[in-house]
Amino acid sequence: EKCLDLINTQIERRKRTANKEVKFIDLFAGLGGIRLGFENAFREKGFEPKCVFSSEIKDYAIKAYKNYYSETEVAGDITQIDASDIPDFQFLLAGFPCQPFSAAGLQLGFEDTRGTLFFEIARILKEKQPYGFLLENVEGLVNHENGKTLSVIVNNLKQLGYYVSYRLIDSQYFGLAQSRKRVYIVGTKDAHISLDNFEEHTAVLGDILEHGLPPVESAFTKK
């Protein structure tokens, strides 16, 4: 049985390598920052990322998202959308809000996360069974509820059949002139993904400012 599982895993890996299109969904999409990094990284590796579904509830974010990505449709409240109505995909991206969990936590399955927005991620992963996911959250998730919230999230993702890694990452070591710490949680069906040993580089404001551009024409700048 273990031998068959290994063979199936190798077959799936070959299929993913042969098919250069990578389908993904973008939940709690905001302005699309996670998607932007995901797409850039995959294109650098010779793959063609394709977003098959995105969801966001803030009107201003939806407007900016549609404009930047030339999307005609962005779904609204993810709690009102059946997983069966979402097209099949290989990766789930989500910058979900940090919320406390009630009840026993680690003793229960993903049902214990009902009432939180993480549950929406868990139920979609459970039904759709994609190859992997990339989740992002604020720095406070690490110590939220004395670490219980993060433990419940990681435990539930493991119960859904994923190898899970996470790390607190600071933007100032990746070319931004700003310290902005975020927790990244990544998982796949067949391997742990290391979030260590990234190539790091720093920048100051002068390094990233653009020069010689015309002023923006808007009602605000005219005032």
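To be clear, the structure that these remarks concern was listed above.
Given the structure is predicted, the values throughout are model-derived calculations rather than measurements.

Visitor: Before we go on, may I ask you to explain the overall build of the protein chain in this structure?
Guide: Secondary structure assignment for the protein chain yields seven helices and six strands. Mapped from its N terminus to its C terminus, the protein chain presents α and β elements in the order α-β-α-β-α-β-α-β-α-β-β-α-α. Within the protein chain, the proportion of its 223 residues that are buried is 37%. Sequence-distant contacts, at least 24 apart, represent 73% of the contacts inside the protein chain between residues at least 6 apart. Working note: accessible area of the protein chain is about 13,700 Å², and carbon and sulfur atoms make up 52% of it.

Visitor: Any chance you could explain the nonpolar core here in plain terms?
Guide: Side chains of a nonpolar character, in soluble globular proteins, are inclined to be buried together. Core analysis: the largest hydrophobic core is formed by 30 residues, its most contacted members being Leu92, Leu135 and Ile185. Elements with a contribution of two residues or more to this core: strand 1 (21-27), strand 3 (91-94), helix 4 (118-128), strand 4 (132-138), helix 5 (148-159) and strand 6 (181-188). Sorting elements by how many residues they give to this core places helix 4 first, with five residues. Setting aside anything within four residues of it in sequence, one finds Leu92 in contact with Ile25, Leu27, Ile121, Ile124, Leu125, Gly132, Phe133, Leu134 and Leu135. Within the second largest apolar cluster, 15 residues are counted, among which are Val22, Phe91, Leu93 and Tyr131.

Visitor: For this particular structure, what's the right way to read unusual backbone geometry?
Guide: What is expected of a backbone is that most residues other than glycine have negative phi and most peptide bonds are trans. For Phe28, which is not glycine, the phi torsion reads 50° and is therefore positive. For Phe28, a relative accessible area of 18% translates into the label buried. In the Ramachandran plot, Gln129 falls in the positive-phi region, its phi being about 50° despite a non-glycine side chain. Within the fold, Gln129 resides in the loop between helix 4 and strand 4. By relative accessible area, Gln129 is classed as partly exposed at 38%.

Visitor: Would you mind going over the pairing of strand 4 with me for this structure?
Guide: Look at any regular strand and the pattern is simple: side chains alternate between the two faces of the sheet. Counting buried positions over the seven residues of strand 4 gives five, a clear majority of the element. Both strand 3 and strand 4 contribute to a ladder of four bridges, which runs parallel. Residue Ala94 lies in a different strand from strand 4, and its bridge partner there is Leu135. Bridge count between strand 4 and strand 6: seven bridges; the pairing is antiparallel. What sits directly across from Val138, in strand 6, is Arg182.

Calculation rules
Residues numbered from 1 in each chain as written. Predicted model: local features only at pLDDT ≥ 70, side-chain atom pairs only at ≥ 80, totals over all residues. Heavy atoms only, no water. Helix = DSSP H or I, 4+ residues; strand = E, 2+ residues; numbered from the N terminus. Buried < 20%, exposed > 50% of the residue type's maximum accessible area, 1.4 Å probe, protein only. Contact = heavy atoms within 4.5 Å. Areas by Shrake-Rupley, 256 points an atom, 1.4 Å probe, with all protein chains shown as cover. Core = buried A, V, L, I, M, F, W, Y, C linked by side-chain atoms within 4.5 Å. Pairing = 2+ DSSP bridges.

Note that every value here comes from positions in space, so none of it alone points to a role or purpose.
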